Each structure stands twice: as C-alpha cells, then as structure tokens.
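# Working through the structure, step by step
Take a look at the letters that make up each chain.
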Amino acid sequence: MTLQMSNSDRPSLDCSIMIVGGGPAGTSTWLHLQKYAPHLAERAILIEKAVFPRDKLCAGGLGGWSSDVLESLEIVFDIPHLSVSDVEFRFGEQIYHHHQSDCFKVVQRLDFDHTLVKTSVNRGLKLHEGEMLIDIVRQSNRLIVKTNKREYCVQILVGADGALSMVRRKMMPGQKSNLSPAIQIFAPVDPQFDPEFDEKKIILDFTFTIDGLQGYIWHFPCLKQGIPSMAHGIGDTRIYPDKPRANMKNLFSHELKSRNICRNPHTWSSHPCRWLSSEALISQPNVILAGDAAGIEPALGGGIHLALAYGEVVAWAIIDAFKKSDFSFSDYKPRVQNHMVGKSIRMHTHLAQEIYGGRRNPLDALREFFSKRYQSPDLLSLLLSGTSLF
Ligand SMILES: Cc1cc2nc3c(=O)[nH]c(=O)nc-3n(C[C@H](O)[C@H](O)[C@H](O)COP(=O)(O)OP(=O)(O)OC[C@H]3O[C@@H](n4cnc5c(N)ncnc54)[C@H](O)[C@@H]3O)c2cc1C
C-alpha cells in the first residue's frame, strides 16, 4: 500500500481491493481470489468491525452446496456440529417429511465464521479486525473509504457487510429495502417438548401463513457451547409488502409457550435477512455487493451457502475487471443471475410467491420444489461439473 492525498489533504492508504465484512461472503470472496488469482488476493484487505471469534444471529443450518464449496476451497471442517438428515415441513396438521442424508450440518456461527477467517489468515489474508467502515466518497475513478481507524483510497470495494450493509446504503441509496425481519432464541433442550433434538430433525412450520405470516417458524436442534439446545425462530419475508403484517411477536410468543418456554421478549434476538429482487442494484463502478448485502432467497431464508457461492462470482468479477482494466462492474448482476447463486434465488423466489402469495398449499409447493430440485441435472451437479457460466 502507498500513501495518497485525499480531498481533505489527509494522507489515504492506497488499497486495490477492500472487502468489508468477515462473514462467509467476505472470507469466501478472499479465499476464491486466493485460489484463482493469488497475486490479486495479496493486494486485498478485509476489514471487520468485530473481533473474532464473533457471533452472528443464525440457526446455523449449513445446507445446499456448502460442503462442496468448502471442499473446493480445501477448508478443513473440524468444528462441532450436528448432522441432520430429516426436515419436517408443517402446515397445520399436515406434514411433509423430506429425508436426504446429511442435508444439513448445524453449526454455531461463532465457530464456523472463525474457521473461515483463521484459514484465510493462514493463507495470507490481511485482516483488519475491529475496523468499521464509516463513510465512502467517490473521487473520480476511485473511492475514498473512511473507517474508524483511517482513510483509504480504494479501487474495488466489496460490500460483504451483511443485511444492513453500509456499503449498500452509501453507494446504492433509495432502493426498496427487501428486508425480512427475523427473531430467534436458543434454549436448552427440554426432552418433553423438543423431541427433534434426539431425532436430529429440523422443523419448518408454515401454519401461520394463514395469519398473514410470509414466512415460517423454525426449530433447529444444535449444540450451543456443547450443550444440547434448540434454535427457535420466526421470519417474515415481506415479499408482498402491501399485505397486512402478521404479528410476529404474538405468534412467536404463542409458539414458545407451546414448548414450555416463557421468556421476556426483551431477551429475544432479532436480525433481518435481505432478499434479492430482480430490480435491485448490486453493483456500481468500483463497488460490488455479496451475500446478504446483495440479497439471498426469500422462500426459506437460507443464506450461508449463497454467501459462500457469491464469493466465487465476486472473485471472478474482480479478476476480469483487472484483466480488462474496466472497473464499472456493469456485468456483475448478469454474472450473479447466470451463476447457480442467481438460479437458486430465482427458483426460491418462485417458490416464495407460491407459498406466501396464498396461491397454493405450502406443502404441495414445497413437495414439488424438492422433488424437482433434486432431479438431475440440478444445481449441485452444475457446480460439481465445474460448468463455467461466465
Ligand atoms: C435468525 C436468522 C437465522 C438464520 N438461519 C440460517 C440458517 O440456518 N442457514 C442459513 O444458510 N442461513 C441462515 N440465515 C441467513 C445467514 O445468517 C446469512 O445469509 C449469512 O450470515 C450471510 O453471510 P454474509 O457474510 O453475507 O453476512 P454476515 O454473516 O452478516 O457478515 C457480515 C459481516 O460484516 C460485518 N460488518 C457489518 N457492517 C460493517 C462495517 N460497517 N464495517 C466493517 N464490518 C462490518 C459484520 O460484523 C459481519 O461480521 C439466518 C439469518 C437469520 C437472521
């Protein structure tokens, strides 16, 4: 890095690539860059406002193609987790049971994200922990990025800073929010009320769609600091923002009581997800968004595997930008759309419209979705075949 003078005549550090956020989207971006273009990875820094190990509100269900991405990045997965092969979808008294061997590894995000960060640092990542993005100002063909520590003159800024992305707010203001509120708690297993822990089964309950919830309630078995626990949560995708809102707090409180859990709502945690809509802006000259900052799928809200896969798309967008000396990133959205990330989001968006638009019985739509999705060639075989979609 070299020193440059900014508008304010304060010296800025010159930085080719800055990744903001050390969640799976940020670390995966750097790891893919390091895999495909180590000379560019050397020129990148990652800033993260927290200090690792840091937690992130999440049920920790690592599904989809996560294992394949981790394998392709040669990440050793040696953290405590629960393997789950059964998912039960509920709608009132109706049940659709989906069995797929080891379809989820349930992890604690504290451990998972820390593993990705440690692996990246061991491979050479320049990690700036405790450094928070505060402001971004465009200056001709560069960006002046201010953090709580210093000022940088940045050529490429990757916003991997989560659903409430500041990169997005600063560089792509005025867009629809597409935010889905979610509430979650962890509670120790009560064998009388939480049989799913012993059954190693995840419950996704769509019953409250009839009360206007555009989402579902979940119960995930997990190990919280080694203690058998359950993640209980509720999410409302709000993909139909004009429909009347369900009262999430009341529904969740009612659900917790049915599991013999009486907790003051002040002890609940909440954090939104962001879903990607077809009209959303996810790049600007010198700026690309990844993971939750760009948007995930609105049906089930699974985002870890998408964040991991976004990393590959972003890495190639950066590599090609340097090859062509074109930092407009005008082709970034089509890259995402043509990648399995975009294809998966599109399929899930259709599913969300069917379920939350009240067009179909949720279980019929889910049954059809999962039976079609696992027909070959599916997204996973696309990934494994290494098909280049660029
Ligand atoms: C309640 C809940 C349950 C969920 N359960 C699941 C699940 O079971 N399975 C699943 O696949 N997905 C789940 N998700 C979604 C999943 O958590 C996200 O999709 C995933 O974390 C996205 O990763 P990311 O790297 O894009 O963002 P994040 O993991 O949010 O990481 C963003 C990082 O950026 C940092 N940051 C933010 N602002 C700044 C700043 N200004 N400067 C510097 N750093 C900054 C943050 O500290 C954070 O470390 C759940 C989400 C919620 C809310």
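Numbering of residues begins from 1 in every chain and follows the order in which that chain's sequence is written. Where local features are concerned, this predicted model is filtered to residues with pLDDT of at least 70; where side-chain atom pairs are given and counted, the filter is 80 or more; whole-chain, interface and lining totals use all residues. In computing side-chain properties, one takes all heavy atoms of the structure into account and sets aside hydrogens as well as water.

## Some thoughts on the sheet that holds strand 6 (residues 94-106)
The condition is simple: Strand pairing follows a simple DSSP-based rule, namely that at least 2 bridges must link the two strands. Every helix listed is a DSSP run of H or I at least four residues long, and every strand listed is a run of E at least two residues long, numbered separately from the N terminus.
In spatial order, the strands read 4-6-5-13-14-15-12-16; together these eight strands make up an open sheet with mixed pairing. Two strands bound the open sheet, and with one partner strand each, they are strand 4 (61-62) and strand 16 (269-270). The pairing of strand 12 (residues 182-188) with strand 16 spans two bridges and is antiparallel. Residue pairing across strands places Ile 183 opposite Ser 270, the latter belonging to strand 16.

## With respect to the nonpolar core
The criterion, for reference: What makes a nonpolar core is a set of buried Ala, Val, Leu, Ile, Met, Phe, Trp, Tyr and Cys residues whose side-chain atoms join them at distances within 4.5 Å. For every residue, the accessible area obtained with a 1.4 Å probe (protein chains only) is divided by the maximum for its type, and the residue is called buried under 20%, exposed over 50%, and partly exposed between those limits. Every residue pair with non-hydrogen atoms within 4.5 Å of one another is taken to be in contact.
Counting residues in each nonpolar core, the largest one holds 73 residues, and the members touching the most others are Met 18, Ile 318 and Tyr 332. If one sorts the elements of this core by residue count, helix 8 (residues 304-324) sits on top with 14 residues. Ignoring sequence-local partners within four residues, the contact set of Ile 318 consists of Ile 17, Leu 33, Leu 40, Ile 156, Val 158, Ile 288 and Phe 329. Counting residues in each nonpolar core, the second largest holds 33 residues, with Phe 89, Phe 197, Met 230 and Leu 300 among its members.

## Brief notes about the pairing of strand 13 (residues 201-205)
Across the five residues that make up strand 13, a large majority, five, are buried. Residues of strand 13 alternate between two faces, with Lys 201, Ile 203 and Asp 205 on one and Ile 202 and Leu 204 on the opposite face, all of them buried. Bridge count between strand 5 (residues 82-91) and strand 13: five bridges; the pairing is parallel. Residue pairing for strand 13: Arg 90 is matched across the bridge by Asp 205. Across three bridges, the pairing between strand 13 and strand 14 (residues 215-224) is antiparallel. From the neighbouring strand, Ile 203 faces strand 14, where its bridge partner is His 219.

## A look at the pattern of salt bridges
For clarity, the cut-off: Counted as salt bridges are all cases of a side-chain nitrogen of Lys or Arg within 4 Å of a carboxyl oxygen of Asp or Glu.
The final tally for this structure, using the stated rule, is 19 salt bridges. With a shortest N-O distance of 2.7 Å, Asp 14 and Arg 142 are connected by a salt bridge. Residue Asp 14 is located in strand 2 (residues 11-20), and its partner Arg 142 is located in strand 9 (residues 142-147); the two are separated by 128 residues in the primary sequence. Looking at Asp 14, the relative accessible area reads 17%, which means it is buried. Of the charged contacts in the structure, one is a salt bridge between Arg 367 and Asp 364, with a shortest N-O distance of 3.3 Å. Taken as a pair, Arg 367 and Asp 364 lie in helix 11 (residues 362-373) at a separation of three residues, close to a single helical turn. Taken together, the shared-partner salt bridges in this structure form one network comprising Glu 88, Arg 90, Glu 199 and Lys 201.

## Here we look at the confidence of the model for the protein chain
Cut-off, in case you're wondering: Known as pLDDT, the predictor's confidence for each residue is given on a scale from 0 to 100.
Per-chain confidence: the protein chain averages 93 in pLDDT, with 93% of residues scoring 70 or above. Taken as a whole, residues 380-390 scores under 50 in pLDDT and shows 17 contacts with residues more than four places along the chain or in a different chain.

## A look at the site of the ligand
How we decide: Any residue with a heavy atom lying within 4 Å of a molecule or strand is counted as near it. Any pair of N or O atoms that falls within 3.5 Å is considered a polar contact. Within protein, one atom must be able to donate a hydrogen and the other to accept it, and sequence-neighbouring residues count only if both atoms are side-chain atoms. Areas reported here follow the Shrake-Rupley algorithm with a probe of radius 1.4 Å; residue values treat only the protein chains shown as occluding. As a working rule, the residues Ala, Val, Leu, Ile, Met, Phe, Trp, Tyr, Cys and Pro are called nonpolar, Asp, Glu, Lys and Arg charged, and the rest polar, with Gly in that last group.
Around the ligand sit 36 residues, and of these Glu 48, Arg 54, Gly 61, Arg 109 and Asp 292 come closest. A distance of 3.1 Å separates a nitrogen atom of the ligand from a polar atom in the backbone of Lys 49. When isolated, the ligand has an accessible area of 1000 Å², and the protein chains bury 93% of it. Put simply, the parts of the chain that give the shell around the ligand at least two residues each are helix 1 (24-36), strand 12, strand 14 and helix 8. Its residues assigned to classes, the shell around the ligand shows 16 nonpolar, 12 polar and eight charged.

## Description of the pairing of strand 8 (residues 133-139)
Summarising the sheet, strand 8 and strand 9 pair through six bridges and their orientation is antiparallel. Its bridge partner being in strand 9, Gln 139 is matched across the sheet by Arg 142. Once strand 8 ends, the chain turns through two residues before running back antiparallel as strand 9, passing Ser 140 with a positive phi of about 45 degrees.

## Considering the packing of helix 1 against helix 4 (residues 109-122)
A pair of packed helices is captured by two measures, namely the crossing angle of their axes and the spacing between those axes. We count it as follows: Lines are fitted to the C-alpha atoms to define the axes, a helix being fitted only along its stretch in contact, and any angle between axes, read from their N-to-C directions, falls within 0 to 180 degrees. Here roughly perpendicular refers to angles of 65 to 115 degrees, roughly parallel to angles under 35, roughly antiparallel to angles over 145, and oblique to all remaining angles. Crossing chirality is assigned from the near helix's rotation relative to the far helix, an anticlockwise turn below a right angle marking it left-handed and a clockwise turn marking it right-handed.
Packing of helix 1 against helix 4 brings their axes to within 10 Å, and their N-to-C directions diverge by 25 degrees. On the basis of the axis angle, helix 1 is roughly parallel to helix 4. Crossing geometry of helix 1 relative to helix 4 is assigned as left-handed. On helix 4, the residues that touch Pro 24, Thr 27, Trp 30 and Leu 31 of helix 1 are Arg 109, Asp 113, Leu 116, Val 117 and Ser 120. Taken together, the residues of the contact of helix 1 with helix 4 break down into five nonpolar, two polar and two charged.

## Focus on unusual backbone geometry
Cis geometry marks the peptide bond from Phe 52 to Pro 53; its omega dihedral reads 0 degrees. Here Pro 53 shows up in the loop between strand 3 (44-48) and strand 4. Here Asp 102, not a glycine, exhibits a phi torsion of approximately 50 degrees, which is positive. With respect to the helices, strands and loops of the structure, Asp 102 is situated in strand 6. When its relative accessible area of 43% is taken as the criterion, Asp 102 is described as partly exposed.

## Here's the deal with helix 1
Formally: Here the expected span of a helix is defined as 1.5 Å times the quantity of residues minus one.
The first and last C-alpha atoms of helix 1 sit 18 Å apart over 13 residues, in line with the 18 Å expected at 1.5 Å per residue. Counting buried positions along helix 1 yields 10 of 13 residues, so the element is predominantly enclosed. Turning to helix 1, its buried residues are Pro 24, Ala 25, Gly 26, Thr 27, Ser 28, Thr 29, Trp 30, Leu 31, His 32 and Leu 33.

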